[in-house]
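Okay, here's what each chain looks like letter by letter:
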Amino acid sequence: MLTFDELSAWLKSKNIVPEKKLDHDDNSKARFFPTTGGILKTMAMENPEYTYMAIDGTKNCIMTLKEIEAGNVHHAFIEMSACVGSCIGGPVMEKFHAAPVKDYAAVARYAGKNDFIVEQPDRTETIKDFNIIEHQSRLPSEYDIKETLKQMGKLKPEDELNCGTCGYDTCREKAIAILQGKADISMCLPFLKEKAENFSDTITRNSPNGILVLNDSLEVQQVNRAALKILNLRSANDILGDLVVRVLDPGDFLKILGTGGSIHDKREYLAEYRKYVEKTIVYDREYNSIFCLLRDVTEEESEKEKREDISRQTMEIADRVVDKQMRIVQEIASLLGETAAETKIALTKLKESIKDE
Ligand code: SF4
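Thresholds, definitions, all that
- Residues numbered from 1 in each chain as written.
- Predicted model: local features only at pLDDT ≥ 70, side-chain atom pairs only at ≥ 80, totals over all residues.
- Helix = DSSP H or I, 4+ residues; strand = E, 2+ residues; numbered from the N terminus.
- Rg over C-alpha atoms; globule rule 2.2 N^0.38 Å.
- Buried ≥ 20, exposed ≤ 12 C-beta atoms within 10 Å, placed from the backbone.
- Pairing = 2+ DSSP bridges.
- Axes fitted to C-alpha atoms, helices over the stretch in contact; angles between N-to-C directions.
- Parallel < 35°, antiparallel > 145°, perpendicular 65-115°, else oblique.
- Contact = placed C-beta atoms within 7 Å.
- Nonpolar A, V, L, I, M, F, W, Y, C, P; charged D, E, K, R; others polar.
- Core = buried A, V, L, I, M, F, W, Y, C linked by C-beta atoms within 7 Å.
- Near = placed C-beta within 6 Å.
- Domains from an automatic or database assignment.
- Right-handed = clockwise from strand over helix to strand, strands pointing away.

## Here we look at the overall build of the protein
Piece 1. When you go through the protein residue by residue, the secondary structure sums to 10 helices and 7 strands.
Piece 2. Against the globule reference of 21 Å for 357 residues, the protein gives a C-alpha radius of gyration of 44 Å, more extended than a compact globule.
Piece 3. Here the C-alpha coordinates of the protein stretch approximately 170 × 65 × 45 Å along the principal axes.
Piece 4. Burial statistics for the protein: of 357 residues in total, 13% are counted as buried.

Listed below in structure tokens is the structure:
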């Protein structure tokens, strides 16, 4: 499918300027089709028992269909267009053409008075029987409606927002439609939003990692239990609305506000709290929010320090043992040397005295 917007953009990209020419085909009544009532204009509305009418706009169409369903409409031919003004008022029409009177006049100028000359089908081929769609659905019991409202998260009357986002005017109507099998329970934006918020609240509340949410003035907007513990705070009220500088060095937050980047797993020592943390900071520019995640790695760090201590002590002991061994070797060597020298002197003397005799 190619929209007018896309067609115009494509012609522009190829530097094609279509030549404007008037088309004078008087046999072109069907060109009224993209306007409200355009189909009726091409019809021979000759059955006096019928009412012929054109409806446009989704709201009017829905009301009309409800009237038909309720059995209040008979002997009528209704041309319905979801878009106000029909196709020429459609969602992908070029925005600069959104002028209903001008648009209709433009279509009317090019539409002729007579039908296009086309081979006409046999009249019987154009007849089709439809089943009557009107039916009276059974109204569910009050108990069932209330139970369904509960499942939709509407526990109290004030939970029933009646916002109409789901296509039903009231939450009660929507509950009835669910029970009649016409609607899906999940089709309620406020309910889905609340569910998602509760879900993310549960995750934030129970996360083992500290979570802080700041606005772009670096004021604390949210803080979870784990963050309170890391920052030695008693309750969220002790910091909510205050500048983050009260509890953390704002350097990294200011840097992120300036660059729009993020920091991941930066390990640092919070001397004030005698804790090591691994810090992740992300800036959500769209919502002007900064998310800070703090993972308490104090135990991990002290384990590491302990291991380093043990290996340093082991090295020192090994060094001392080697030193001592070396000293002993040297002492033994010098004793051996002395003994060897003394033996040599004694033997030399013995040799000389034997020779003299
Ligand atoms: S979208 Fe939800 S809150 Fe709004 S009317 Fe429908 S059921 Fe009620």
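Now that the structure has been shown, the text picks up again.
## Here we look at helix H1 (residues 4–13)
Piece 1. Burial analysis of H1 places just 0 of its 10 residues in the buried class, which makes it a mostly uncovered element.
Piece 2. A positive backbone phi angle near 55 degrees is found at Asn15, which sits one or two residues after H1.

## Overview of the sheet that holds strand S7 (residues 289–296)
Piece 1. The strand order across the open sheet formed by 5 strands is S4-S3-S7-S6-S5, and the pairing between neighbours is antiparallel. Every interior strand has two partners, whereas the edge strands, strand S4 (220–223) and strand S5 (262–270), have only one. For this sheet the average axis-to-axis angle between neighbouring strands, irrespective of direction, equals 20 degrees.
Piece 2. When S5 meets strand S6 (residues 275–284), the two strands line up antiparallel, connected through 7 bridges. Opposite Tyr269, over in S6, you have Tyr276 as the bridge partner.

## A look at the packing of helix H5 (residues 142–151) against helix H6 (residues 171–179)
Piece 1. Relative orientation of the contacting elements H5 and H6 amounts to 105 degrees, with a least axis distance of 9 Å. Here H6 runs roughly perpendicular to H5, going by the angle between their axes. Touching Asp144, Ile145, Thr148 and Leu149 of H5 are Cys171, Arg172, Ala175, Ile176, Ile178 and Leu179, all from H6.
Piece 2. Broken down by class, the residue content of the contact of H5 with H6 amounts to 7 nonpolar, 1 polar and 2 charged.

## Details of the nonpolar core
Piece 1. In this structure, Leu214, Ala227 and Cys292 are the most contacted members of the largest nonpolar core, which totals 20 residues.
Piece 2. Within the residue set of this core, elements represented by two or more residues are strand S3 (210–215), S4, helix H8 (225–230), S6 and S7.
Piece 3. The element best represented in this core is S7, accounting for 4 residues.

## Here we look at the site of the ligand
Piece 1. In the vicinity of the ligand there are 14 residues, among which Leu161, Cys163, Cys166, Cys171 and Cys188 approach most closely.
Piece 2. Sorting the residues of the shell around the ligand by element identifies H6 and helix H7 (189–206) as the ones contributing at least two each.
Piece 3. Counted by class, the shell around the ligand contains 10 nonpolar, 3 polar and 1 charged residues.

## As for the environment of His75
Piece 1. One can find His75 in the loop between helix H3 (58–69) and strand S2 (76–81).
Piece 2. In contact with His75, not counting residues within four places along its chain, are Glu49, Tyr50 and Thr51.

## Observations concerning the domain arrangement of the protein
Piece 1. Examined at the domain level, the protein breaks down into domain 1 (4–117), domain 2 (142–195) and domain 3 (207–296).
Piece 2. Computed from C-alpha atoms alone, the centre-to-centre distance between domain 1 and domain 2 is 36 Å.

## Side note on the pairing of S4
Piece 1. Inspection of the sheet shows S3 paired to S4 by 3 bridges, in the antiparallel sense. Directly across from Leu214, in S4, lies its bridge partner Val220.
Piece 2. Hairpin remark: S3 followed by S4, antiparallel, with 4 residues in the connecting loop; positive phi at Leu218, about 65 degrees.

## What to know about unusual backbone geometry
Piece 1. One non-glycine residue, His75, lies in positive phi territory at about 50 degrees.
Piece 2. When the 8 C-beta atoms within 10 Å are taken as the criterion, His75 is described as exposed.
Piece 3. Positioned with a positive phi, Asn162 is a non-glycine residue whose angle comes to about 50 degrees.
Piece 4. For Asn162, the position within the fold is in the loop between H5 and H6.
Piece 5. The exposure class assigned to Asn162 is partly exposed, which follows from the 13 C-beta atoms found within 10 Å.

## Some thoughts on the pairing of S2
Both faces of the sheet carry side chains from a regular strand, because those side chains alternate between them.
Piece 1. Sheet topology note: the strand S1 (residues 51–56)/S2 ladder contains 6 bridges and is parallel. The residue of S2 that forms the bridge with Ile55 is Met80.
Piece 2. Read as a crossover between parallel neighbours, the route from S1 over H3 to S2 is right-handed.

## Observations regarding the environment of Glu6
Piece 1. Its location among the elements puts Glu6 in helix H1.
Piece 2. Look at Glu6 and you get exposed, because 12 C-beta atoms sit within 10 Å.
Piece 3. As a C-alpha pair, Glu6 and Val92 span 86 residues in sequence and 9.0 Å in three-dimensional space.

## Notes on the environment of Ala99
Piece 1. Inspection of the secondary structure puts Ala99 in the loop between S2 and helix H4 (100–110).
Piece 2. On a C-alpha basis, the gap between Ala99 and Lys229 in space is 62 Å, while along the polypeptide they are 130 residues apart.

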